[in-house]
Amino acid sequence: MKKNILTGDRPTGKLHIGHYVGTLASRLKLQEKGDYDDFFIMIADAQALTDNASNPKKIRDSIINVAIDYLSIGIDPKKVHIFVQSEISELTELTFYYANLVTVSRLERNPTVKQEIKSKEFGESIPVGFFTYPISQAADITAFKASIVPVGDDQLPMIEQTREIVRSFNRIYGDVLVLPNELLPDNKACFRLPGTDGNAKMSKSLGNCIYLSDSYEELKKKVMGMYTDPLHIKVEDPGHIEGNTVFAYLDAFSTSEDFAKYYPEFKNLDELKKAYEQGGIGDVKIKKFLLQILEDFLKPIREKREYYEKHLDEVYDILKEGTMYAQSIAKETLKEVKNAMKLNYFADKQLLDDFNCD
Ligand code: TRP
């Protein structure tokens, strides 16, 4: 069987370093390993519209930005098909059929959607499209027969929902769809990077994100203003690691090479943590260390971004080609799905062939 990978992002703004550690890094690893037949990265504009119906411009404007983010971190369009979700109308059709296999109460139990409904403050006005997006996500995954879906842990309920749909579909209509498995980042610290203000999540509306496209000046301002430990007032005071944003970021980004290069007093993060807890390490010092690490990380990304911003035609062609390829695959799957469901009336006079007067 073919081994396909699919994942995606909602284009609601530029991508940030939380996206990087949560999912983009593992995509790069997969790309380098090359152990797959087809690898798709989808810009989920249709899903983004499920809670942005009145703001289509935001979504439209983010498409190129997100594509440039992918290319800047090193996603190689020769190895990965980048495409735009709304261009694949087959996905909408699949969603419609899958919706029959899912109950309202099952959707109500989806913990990620529940959480999002709360945080987006929909109140009584939950858009049906938003409430049912796990079904459309099942269409995204199955249309490309993806067996591997690299995601952050918040997406686990979507994969579980997809697996349930696949099982139901295959049981009722025959073995057509492929059961997907999630692929989580291996560094646990990377599951979710907090915002620079210590908030559990980076979010554009909270203004607490470090973007992949941030300039050095922006980065510096954000890192030097990061939330640390409110009880660590004087340098000599013992500091706390738990809930300290700088350490959460160091967990995700620092390596022993960084210590050798920029902080040779310590061999690794564990040693630095111990010393910080004992007292005597100033917050400015650890922030400067983090700043150097993040700047080393962002500088080449920024440079690639500059290139693509000057060569937008290239980005456009990459998206168009990826989308055309994705379309051809989704079309095949939809055909198989409809055949399995016996929705093939006008292919080879099937409707008449199978007709039985009694
Ligand atoms: N829900 C994902 C997010 O919010 C985006 C997405 C849409 C996705 N379809 C997908 C991810 C299919 C993985 C597979 O980022």
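This text goes with the structure placed above it.
Below you will find a few notes about this structure. (Residues numbered from 1 in each chain as written. Predicted model: local features only at pLDDT ≥ 70, side-chain atom pairs only at ≥ 80, totals over all residues. Heavy atoms only, no water.)

**Considering the sheet that holds strand β1 (residues 4-9)**
If you trace the five strands from one edge of the open sheet to the other, you get β3-β2-β1-β4-β5, paired in parallel fashion. With one partner strand each, in any of the chains shown, β3 (81-84) and β5 (181-183) form the two edges of the open sheet. Neighbour to neighbour, the strand axes of the sheet diverge by 30 degrees on average, direction disregarded. Where helix α15 (residues 312-340) meets the sheet, it contacts β2 (38-43) and β3, and its direction lies at approximately 85 degrees from that of β3. (Pairing = 2+ DSSP bridges. Helix = DSSP H or I, 4+ residues; strand = E, 2+ residues; numbered from the N terminus. Axes fitted to C-alpha atoms, helices over the stretch in contact; angles between N-to-C directions. Contact = heavy atoms within 4.5 Å.)

**Here we look at the packing of helix α3 (residues 56-73) against helix α14 (residues 283-310)**
Running from N to C, α3 and α14 point in directions that differ by 130 degrees, and their axes come no closer than 8 Å. Taken together, the axis directions place α3 and α14 in an arrangement best described as oblique. Where α3 crosses over α14, the two elements pack in a sense that is right-handed. Seen from α3, the contacting residues are N65, I68, D69, L71, S72 and I73; seen from α14, they are I301, K304, R305, Y308 and E309. Of the residues in the contact of α3 with α14, the class split is five nonpolar, two polar and four charged. (Parallel < 35°, antiparallel > 145°, perpendicular 65-115°, else oblique. Left-handed = near helix turned anticlockwise from the far one by under 90°. Nonpolar A, V, L, I, M, F, W, Y, C, P; charged D, E, K, R; others polar.)

**Some words on the layout of surface pockets**
Taking a probe equal in size to a water molecule and rolling it over the atoms shows the remaining empty space. Roughly 1,600 Å³ of internal volume is contained in the largest pocket. Elements supplying a minimum of two residues to the lining of the largest pocket: β1, α1 (17-33), α6 (111-119), α8 (133-143) and β4 (146-150). Broken down by class, the residue content of the lining of the largest pocket amounts to 15 nonpolar, 20 polar and 13 charged. (1 Å grid on protein atoms, 1.4 Å probe; cavity = no way out; pocket = protein on both sides within 12 Å on 5 of 7 lines; lining within 4 Å. Points joined across faces, edges and corners; volume = space filled by probe spheres on them.)

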